[in-house]
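Next come the chains, spelled out residue by residue.
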Amino acid sequence: MLDKIDHLGIAVRDLEAAIARYTALVGSGPNHVEEVASQKVRVAMFAVGESRIELLEATAPDSPVAKFVEKRGEGLHHVCYRVPNLREALSRLAQEGMEVLPGAGDAGAGGSRVAFLHPKSVHGVLTELVEYPAG
Ligand code: CMX
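First things first, this report covers the structure right here in the doc. (Residues numbered from 1 in each chain as written. Predicted model: local features only at pLDDT ≥ 70, side-chain atom pairs only at ≥ 80, totals over all residues. Heavy atoms only, no water.)

1. Observations concerning the nonpolar core
Counting ten residues, the largest nonpolar core consists of Ile10, Val12, Leu15, Ala18, Ile19, Tyr22, Ala44, Phe46, Ile53 and Leu55. Those elements giving two or more residues to this core turn out to be β1 (4–12), α1 (15–26), β3 (41–48) and β4 (51–58). Per element, the largest residue contribution to this core is four residues, and it comes from α1. Once residues within four sequence positions are removed from consideration, Ala18 is found in contact with Val12 and Leu55. Counting residues in each nonpolar core, the second largest holds nine residues, with Val36, Val41, Val65 and Phe68 among its members. (Core = buried A, V, L, I, M, F, W, Y, C linked by side-chain atoms within 4.5 Å. Buried < 20%, exposed > 50% of the residue type's maximum accessible area, 1.4 Å probe, protein only. Helix = DSSP H or I, 4+ residues; strand = E, 2+ residues; numbered from the N terminus. Contact = heavy atoms within 4.5 Å.)

Dropping the structure here:
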């Protein structure tokens, strides 16, 4: 089962400019800014009620976010669902025929473990699953 929508990821070209714009939109600044080396991105997280908005800037030309922005421009990049147990969720979704991308279980932002489902498995939406450490 999926617990909740953890965050929506938005790909941007310039993180500082995007932080300024989203601070104006949300009404307060990001809760944290972090580089996620495993994903070749720098991210800024904004709390919005029970969910969050994640701004993503590529840190390398071969980052998935760099390729996305080059091909499609800035915009909504992925939807992330929180799960209680990543391994069990991936096993269930693979049984449902969904394509789990390589690197499942890699480190994500905030000490989490993450995995991605290919957009072609989820009607054109790159889908992330995240498990946070207990506590
Ligand atoms: N949403 C929807 N479709 C996407 C997409 C996205 N975010 N990224 C790529 N696609 C589509 C492309 O438009 C393309 O579609 P067509 O075949 O119709 O042209 C297709 O997927 C293949 O795209 P590509 O540019 O050839 O890129 P790759 O196949 O090399 O990679 C993907 C695509 C999804 C496998 C890769 O982006 C990936 O592994 N993503 C997961 C990791 C990730 O995105 N990390 C970023 C940071 C996340 C975080 O920290 O929160």
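2. As for the pairing of β3
Where strand β2 (residues 32–36) meets β3, five bridges bridge the pair, whose relative direction is antiparallel. Each bridged residue has a counterpart across the sheet, and for Glu35 the counterpart in β3 is Arg42. Hairpin connection between β2 and β3: a loop of four residues separates the two successive antiparallel strands, and Lys40 in this loop has a positive phi of roughly 55°. Bridge count for β3 against β4 is eight bridges, and the pairing is antiparallel. Bridge pairing in β4 places Arg42 opposite Glu57. (Pairing = 2+ DSSP bridges.)

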